[in-house]
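What the coordinates show
Letter by letter, the chains look like this.
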Amino acid sequence: MKASQLFFPTLRELPSEAEIVSHQLLLRAGYMRKTGAGIYSYLPLAVRVLKKIEQIVREEMNRADGQEILMPIIQPQELWEKSGRWSVYGDEMFRLQDRHKRGFALGPTHEEIITTLVDADVQSYRDLPLMLYQIQNKYRDEIRPRFGLMRGREFIMKDLYSFDLDEEGLDVSYKKMYAAYCAIFHRLGLEFRVVEADSGAIGGNESHEFVVLADSGESVIVYCDRCDYAANVEKAECVLPEPAKEAPPLQEMEKIHTPGVKTIQELVGFLGHPAHEQAKTLMYMADGELIAVILRGDRELNEIKLQHALQASELFMADEMTVREQCGAGFGSLGPVGLPLKVYADPEITRLYNFSAGANQDDYHLVNINLGRDFVPEEIIDVRNAEAGDICPHCGGTLQSTRGIEAGHIFKLGTKYSDAMEASYRDQNGQDQPIVMGCYGIGISRTMAAAVEQKNDQDGIVWPLPIAPYHLIIVPVNSKKEDQMEAAERLYQEFSARGVEVLLDDRDERAGVKFKDADLIGIPVRITIGPKSLQENKVEVKKRMDKENLLLTLDEVVDKVLAMLNAE
Ligand code: ATP
Ligand code: MG
């Protein structure tokens, strides 16, 4: 491809709406443009990257016995009613009506469609197992579409669904997909971790996320420095260390006037008690009931754990007015002693002695509180986020933490959808049995953004070779000089003939502009043809991340660069 013909409108300015580097770079380097909130048009360079990611995904799905199909984006309401999800999916679903006022959804996911499809044509145990997948747009009206392709409202996903006779069959399918996903992220050239995940609203019992490591990622994961344990902080179990041999003597509880003190930090300043010797009290509405949760002052509450532990179908933070009405004090002065509500305590509270918390009276705190003596919790439940430094629940090692982007997610669904939608097969004894299902997604467009997020520097994108839009860019320093253009053309032809994807920057631009653009769009190898080296029949070869150039003759450069690319 000649750069003069390629539509890649680069921007010199940093786009103001873009908060994270992948969003900025994909706009600046002319990969995409915003069409609406969370809705993007992909330009030629992006389409090349997306197709490469798709192809790697497709090859691994096929290798694992997946068969590619294509289902409709527009999905009839009846199918969603049958599964029960039309009413519970909520505002994230785009809904529309046809001219006869019949309801439809723009597919946010395809369990309903595929379960119906398979049920209609799978009758016997002989028809299973079966794995079907597609690569297609998904539609989710996300509350906060943001970070460009990371959280779009229209995005590209590969979704595979497995259908098995029983749980053992599902185990086999799940393991195959797990291995295929590892192969995919490995082939994409990305650093990633597989983490135990929360299976959230989809249900099922086992679930893993494939997290592409990047500092800006929304997922926080912990992993063990000794064994291969890794988990999303939403899921990671917190292990309580062994108790101290002897408990310190219990002091008398005391109420202290703490005017204006509202936060844990302010109380640290006022009382001199460190945050880990205080309890923080958080108020939630759980299925309509006001409850209190206490945990150590330096910890973070994990709402997903809390919701699971309480088995609440609806959970949100209580507003201050409700809290004041029932507790007699506002936020910042609350504590577990004497609260007229259910109080849930994190296990670490059982290891705190003589700790401080709000007194349920504005501007007052209690010191020397002790669990058991001064209050009795309704239940002790693990509700905090795991953190670096925690004990590994598998081996007792120490957990580290890192951030990343969830790019893939696999679930065991079991019979959730086959029960609801009556999808069954006839077993060897002529009995009807529900089909056992799994689902496996990869965000193709999110993976493109995640790759940029992980691989970039101050000059632009640094694509891993397997998904780079072009492998090589040839830059004649002055496109008006005939000898430079001739050498460039010759190399362009030779490389192309040998299967290398080449971009030739034949634009009438200054060399500096061409170099900047080559770095910005992230082409892995650059060949520069300048007047000085060309006198000696030589050209300069530079890898995107290297500082040094390599001087090679026109005759050797093709073989040498091919060897370089093959070694990547
Ligand atoms: P998240 O927790 O980020 O909302 P999810 O659990 O809703 O993700 P799944 O339903 O498991 O995601 O979808 C499978 C994959 O699709 C995800 O792993 C992710 O790569 C991608 N994905 C999900 N939502 C979006 C989105 N709004 N924009 C881009 N990709 C998405
Ligand atoms: Mg989501």
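Look up a bit, the structure's there.
In this text the structure is predicted, and so the values were computed from the model without any measurement.

Quick word on the sheet that holds strand β31 (residues 550-553)
Here we have 5 strands laid out as an open sheet, ordered β28-β27-β29-β30-β31, and mixed in their pairing. For this open sheet the edge positions go to β28 (502-504) and β31, each flanked by a neighbour on one side alone. The mean angle between the axes of side-by-side strands here comes to 25 degrees, regardless of whether they run parallel or antiparallel. Relative to strand β29 (residues 525-529), strand β27 (residues 472-476) runs parallel, the two being bridged by 5 bridges. Within β29, the position partnered with L472 by the bridge is V525. Strand contacts of helix α12 (residues 482-497): β27, β28, β29 and β30 (538-543), with the helix running at about 165 degrees to β27, the strand carrying the most contacts.

A closer look at helix α13 (residues 511-521)
The buried fraction of α13 is high, at 8 of 11 residues. Each element contacted by the buried residues of α13 is listed here: α1 (21-28), α2 (44-63), β26 (460-461), β27, β28 and β29. Of the residues one or two after α13, G522 is the one with positive phi, at around 85 degrees.

Examining the pattern of salt bridges
Side-chain pairing between opposite charges can occur once the charged atoms of the two side chains come close. Tallied over the full model, the rule gives 42 salt bridges. A salt bridge links R187 to E59, with the nearest nitrogen and oxygen atoms 2.7 Å apart. Residue R187 is located in helix α6 (residues 167-188), and its partner E59 is located in helix α2; the two are separated by 128 residues in the primary sequence. Residue E59 is classed as partly exposed on the basis of its relative accessible area, which comes to 32%. Salt-bridge contacts for R85 lead to E111; the nearest nitrogen and oxygen are separated by 3.0 Å. Separated by 26 residues along the polypeptide, R85 in helix α4 (residues 85-88) and E111 in helix α5 (residues 111-121) bring together distant segments of the chain. Each member of the pair R85 and E111 is classed as buried. One network of salt bridges, with partners in common, ties together R296, D298, R299, E348, R384, E387 and D390.

Section: the site of ligand 1
Close to ligand 1 lie 15 residues; E142, R151, G152, E406 and A407 are nearest. One of the side-chain N or O atoms of E142 is found 2.8 Å from a nitrogen atom in ligand 1. Here an oxygen atom of ligand 1 sits 3.1 Å away from a polar atom, N or O, in the main chain of G443. Those elements giving two or more residues to the shell around ligand 1 turn out to be β8 (154-164) and β21 (399-414). Counting residues per element, the shell around ligand 1 draws most heavily on β21, at 5 residues.

Regarding the packing of α2 against helix α11 (residues 444-454)
Running from N to C, α2 and α11 cross one another at 110 degrees; their axes reach a closest spacing of 10 Å. Comparing the axis directions of α2 and α11 gives the class roughly perpendicular. Read as a crossing pair, α2 and α11 show a hand that is right-handed. Counting all contacts with α2, which are made through A46, V49, L50, I53, E54 and V57, the residues of α11 involved are I444, S445, T447 and M448. Tallied by class, the residues present in the contact of α2 with α11 amount to 7 nonpolar, 2 polar and 1 charged.

Section: the side chain of Q484
With respect to the helices, strands and loops of the structure, Q484 is situated in helix α12. In this structure the side chain of Q484 is engaged in a polar contact, spanning 3.1 Å, whose partner is the backbone nitrogen of V477. Once residues within four sequence positions are removed from consideration, Q484 is found in contact with P476, V477, N478, I529, G530, P531 and L534.

Regarding the sheet that holds strand β4 (residues 74-76)
Ordered in space as β4-β6-β5, the 3 strands form an open sheet in which the pairing is antiparallel. Two strands close off the open sheet at either side, each with one partner strand: β4 and β5 (94-97). With direction set aside, neighbouring strand axes in the sheet form an average angle of 35 degrees. Pairing of β5 with strand β6 (residues 103-106), which is carried by 4 bridges, proceeds in the antiparallel orientation. Bridge pairing in β6 links Q97 to G103.

Observations regarding the nonpolar core
Counting 66 residues, the largest nonpolar core has L26, Y31, M61, Y181 and W463 as its most contacted members. Counting 25 residues, the second-largest nonpolar core is a separate cluster that includes L472, L554, V561 and L562.

What to know about the side chain of K542
Structurally, K542 can be placed in strand β30. D519 provides the closest opposite charge to the buried, unpaired K542, separated from it by 4.7 Å. At 3.5 Å, the side chain of K542 forms a polar contact with the backbone oxygen of R544. Sequence-distant contacts of K542, defined by excluding residues within four places in its chain, comprise P524, V525, R526, K547, E548 and N549.

Each value, and the rule that gives it
- Residues numbered from 1 in each chain as written.
- Chains lettered and ligands numbered in written order.
- Predicted model: local features only at pLDDT ≥ 70, side-chain atom pairs only at ≥ 80, totals over all residues.
- Heavy atoms only, no water.
- Pairing = 2+ DSSP bridges.
- Helix = DSSP H or I, 4+ residues; strand = E, 2+ residues; numbered from the N terminus.
- Axes fitted to C-alpha atoms, helices over the stretch in contact; angles between N-to-C directions.
- Contact = heavy atoms within 4.5 Å.
- Buried < 20%, exposed > 50% of the residue type's maximum accessible area, 1.4 Å probe, protein only.
- Salt bridge = Lys/Arg side-chain N within 4 Å of Asp/Glu carboxyl O.
- Near = heavy atom within 4 Å.
- Polar contact = N/O pair within 3.5 Å; in protein donor to acceptor, adjacent residues only side chain to side chain.
- Parallel < 35°, antiparallel > 145°, perpendicular 65-115°, else oblique.
- Left-handed = near helix turned anticlockwise from the far one by under 90°.
- Nonpolar A, V, L, I, M, F, W, Y, C, P; charged D, E, K, R; others polar.
- Core = buried A, V, L, I, M, F, W, Y, C linked by side-chain atoms within 4.5 Å.
- Lys, Arg positive; Asp, Glu negative; His and termini not counted.

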